[in-house]
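Secondary and tertiary structure notes
Chain by chain, the residues:
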Amino acid sequence: MLTKRIIPCLDIKNGRTVKGVNFVGLRDAGDPVELAKKYSLEGADELVFLDISATEERRKTLIPLVKEVAKAVNIPFTVGGGIASIEDVELLLKNGADKVSINSSAVKNPSLINELAAKFGSQCIVVAIDAKKVNAEWMVHLVGGKQPTSINLFDWAKEAEQRGAGEILFTSMNNDGTNDGFANDALAKLSDLVNIPIIASGGAGTKEHFLDTFIRGKADAALAASVFHFDEIQIPTLKKYLKTNNILMRL
Amino acid sequence: MNIAIIDYGAGNVQSVLFALERIGFTGKVTSDAEEIKNADKVIFPGVGEASSAIKMLHDKDLVKVILQLKQPILGICLGMQLLCKSSEEGNANGIGVFDLEIKRFSNQVKVPQMGWNNIYNLKSQLFDGISENEFMYLVHSYYAPLNAYSIATTNYGIEYATAIQKDNFYGVQFHPEKSGNVGEQILKNFLNL
């Protein structure tokens, strides 16, 4: 049976991980390749790299990084951040990325999803959605959550699926950074609404939060950053805990 | 050992190349008929859509080349599906090594299947040293039904053939190049055939 997935997310700026990483025993805790290897060895099911560099720096640093990661790591990985064209995706896949994640560019130009899915297949197109609950309605936000839109989360997710997205990565801005748990009500609603996998993101603080999001939130995968980077939750411990609680896991 | 990785514009050839490097081999990415024919082992990767992929193979005159290969050849993911007779995806006609029709998963399950699933009923040298129910990474919307060529089974709403073999032709639906150490062992086993 298909397992649920645990996905560490690395924020990358100018080829280095940011948001602080706190590990004992790594030669260089800011080196994304070292971190990717560590997570892979610990049993992470996939990795996500989100590049937050300015456009110029990204061009220079992202491709060599993707190539290094692809050489070093034997699990799938997704690259996101500033991807806006077929050429962008082609270059990333050619250098070893397995999937790409698109966000603001898809909202601004929804037919980009169709074009990418037709060219590369839905399986490698992840549509990332940042949303915030405003007056009891989940609204899509752009530019890393800074810019509100009048688009409803559920409408947009459905449209993304119909246009050929292979997966939805939903980050709740209300939950992100709180360590208070995932947005399980919205996640469950999303999961019932679309027939593609949903990755839960934003709010992970404890092992129980992951269990909750797989059960109540009906998520197919759960993504987190700081709890892994600061060693607050170790991936092997988390996966054993989830398996003990009857969640299908690859150990 | 000469390892040819068939490049026809639809494969994630880089991942396969890097996986070979990790286990100490060098592959040659090529669409050249002579290079493919003369290789000791041939890997036939593929991601994307079946009907456009088979068109690209025809454009490069590679269908006949593949059919006539005598050395071990490993189709991965879409590569495996293209070795079959036909696919519901874009109503594509495949290469036809395996007399199988590739079908789409029903909407009772999420499509694509994406992630790690276990493989069992292992019946091939390809799985030497691999325990039953190891997890492999899969990303696909279409599948090969269980059949006489099945050498591994996976369950996703339905039991299907996650690996097939006929003579020197091997096909795996999962991605050994992305399936951790177990996947790398399967690649080593293939190279040792």
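Residues numbered from 1 in each chain as written. Chains lettered and ligands numbered in written order. Predicted model: local features only at pLDDT ≥ 70, side-chain atom pairs only at ≥ 80, totals over all residues.

Check the secondary structure of chain A and you find 10 helices and 11 strands. Each of the three principal axes of chain A carries a C-alpha extent, and together these read 45 × 40 × 35 Å. Considering chain A as a whole, with its 251 residues, one finds that 52% of them fall into the buried category. (Helix = DSSP H or I, 4+ residues; strand = E, 2+ residues; numbered from the N terminus. Buried ≥ 20, exposed ≤ 12 C-beta atoms within 10 Å, placed from the backbone.)

So, about the confidence of the model for chain B. In the predicted model, chain B carries a mean pLDDT of 95, and the fraction of residues at 70 or more is 99%. For this predicted complex, the interface confidence reaches an ipTM of 0.94, while the overall pTM sits at 0.95. (pLDDT = per-residue confidence, 0-100.)

All names here are of chain A. Per the UniProt annotation, the sites labelled "active site" (unreviewed entry) are Asp-11 and Asp-130. Relative to the helices and strands, Asp-11 is located in strand E1 (residues 5–13). Asp-11 sits in the buried class, given 20 other C-beta atoms within 10 Å. Positionally, Asp-130 belongs in strand E6 (residues 125–134). (UniProt positions renumbered as here; feature names shortened; annotations may be inferred.)

Below, the discussion takes up the interface of chain A and chain B. Many authors give the size of an interface as the accessible area that is lost as the parts come together. Counting residues at the interface gives 27 residues for chain A, matched by 31 residues for chain B. Taken together, the residues that form the side of chain A that touches chain B break down as 10 nonpolar, nine polar and eight charged. (Contact = placed C-beta atoms within 7 Å. Nonpolar A, V, L, I, M, F, W, Y, C, P; charged D, E, K, R; others polar.)

Okay, the UniProt feature "active site" (unreviewed entry) in chain B next. All names here are of chain B. Taking the UniProt record as the reference, the feature "active site" (unreviewed entry) is found at Cys-77, His-175 and Glu-177. Spanning 101 residues, the named residues form one tight spatial group whose C-alpha atoms are at most 10.9 Å apart. Along the chain, the position of His-175 falls in the loop between strand E13 (169–172) and helix H6 (180–191). Taking the number of C-beta atoms within 10 Å as the measure of exposure, His-175 has 25 and is therefore buried. With residues near it in sequence (within four places) discarded, His-175 still touches Ile-76, Cys-77, Tyr-137 and Gly-183. Along the chain, the position of Glu-177 falls in the loop between E13 and H6. Assessed through the 29 C-beta atoms surrounding it within 10 Å, Glu-177 is described here as buried.

By size, the foremost hydrophobic cluster in this structure holds 145 residues, and its most contacted members are Leu47(A), Val127(A), Ile168(A) and Ala222(A). Apart from residues lying up to four places away in sequence, Ala222(A) is in contact with Ile6(A), Ile7(A), Phe182(A), Ala200(A), Ala204(A), Phe210(A), Thr213(A) and Phe214(A). (Core = buried A, V, L, I, M, F, W, Y, C linked by C-beta atoms within 7 Å.)

A separate point is helix H3 (residues 50–59) of chain B. All names here are of chain B. Among the residues of H3, those classed as buried are Ala-50, Ala-53, Ile-54 and Leu-57. End-on view of H3: buried residues confined to an arc of 95 degrees, all on one side of the axis. Where H3 is buried, its residues meet helix H4 (63–67), helix H5 (78–82), strand E5 (84–87) and strand E6 (92–93). (Arc of directions from axis to C-beta.)

The next subject is the packing of helix H8 (residues 207–215) of chain A against helix H10 (residues 235–244) of chain A. Residue and element names in this part refer to chain A. One can describe the packing of H8 onto H10 by two numbers: an axis separation of 10 Å at closest approach and a directional angle of 50 degrees. Comparing their axes, H10 and H8 come out oblique. Of the two elements, H8 crosses H10, and the hand of that crossing is right-handed. Here Lys-207, Phe-210 and Leu-211 of H8 lie close against H10, whose contacting residues are Leu-238, Tyr-241 and Leu-242. (Axes fitted to C-alpha atoms, helices over the stretch in contact; angles between N-to-C directions. Parallel < 35°, antiparallel > 145°, perpendicular 65-115°, else oblique. Left-handed = near helix turned anticlockwise from the far one by under 90°.)

Moving on: unusual backbone geometry. The omega torsion across Val111(B) and Pro112(B) is 5 degrees, close enough to zero to call that bond cis. Positive phi values are uncommon outside glycine, yet Asn179(A) reaches one of about 55 degrees. When you line up the elements, Asn179(A) lands in the loop between strand E9 (167–172) and helix H7 (184–193). Of note, the phi angle at Cys77(B) is positive, near 60 degrees, even though the residue is not glycine. Along the chain, Cys77(B) turns up in the loop between strand E4 (73–76) and H5.

Turning next to the environment of Asn135(A). All names here are of chain A. Mapped onto the secondary structure, Asn-135 falls in the loop between E6 and strand E7 (137–142). Look at Asn-135 and you get exposed, because 5 C-beta atoms sit within 10 Å. Spatially, the C-alpha atoms of Asn-135 and Lys-4 are 32 Å apart, while their sequence positions differ by 131 residues.

Residue and element names in this part refer to chain B. The alternating pattern of E13 places Phe-169 and Gly-171 on one face and Tyr-170 and Val-172 on the opposite face, and all of these are buried. By the bridge criterion, four bridges tie E4 to E13 in an arrangement that is parallel. Bridged to Ile-76 within E13 is Val-172. Sheet topology places strand E12 (residues 159–166) next to E13; four bridges connect them, and they run antiparallel. Note that in E13 the partner of Ala-163 across the bridge is Val-172. (Pairing = 2+ DSSP bridges.)

Turning to the packing of helix H3 (residues 86–94) of chain A against helix H5 (residues 111–120) of chain A, a few remarks are in order. Residues and elements named next belong to chain A. In contact at an axis separation of 10 Å, H3 and H5 are set at 40 degrees when each is read in the N-to-C sense. Along this stretch, H3 crosses H5, giving a crossing that reads as right-handed. Mapping the contact onto sequence places Ile-86, Val-89 and Leu-93 in H3 and Glu-115, Leu-116, Lys-119 and Phe-120 in H5.

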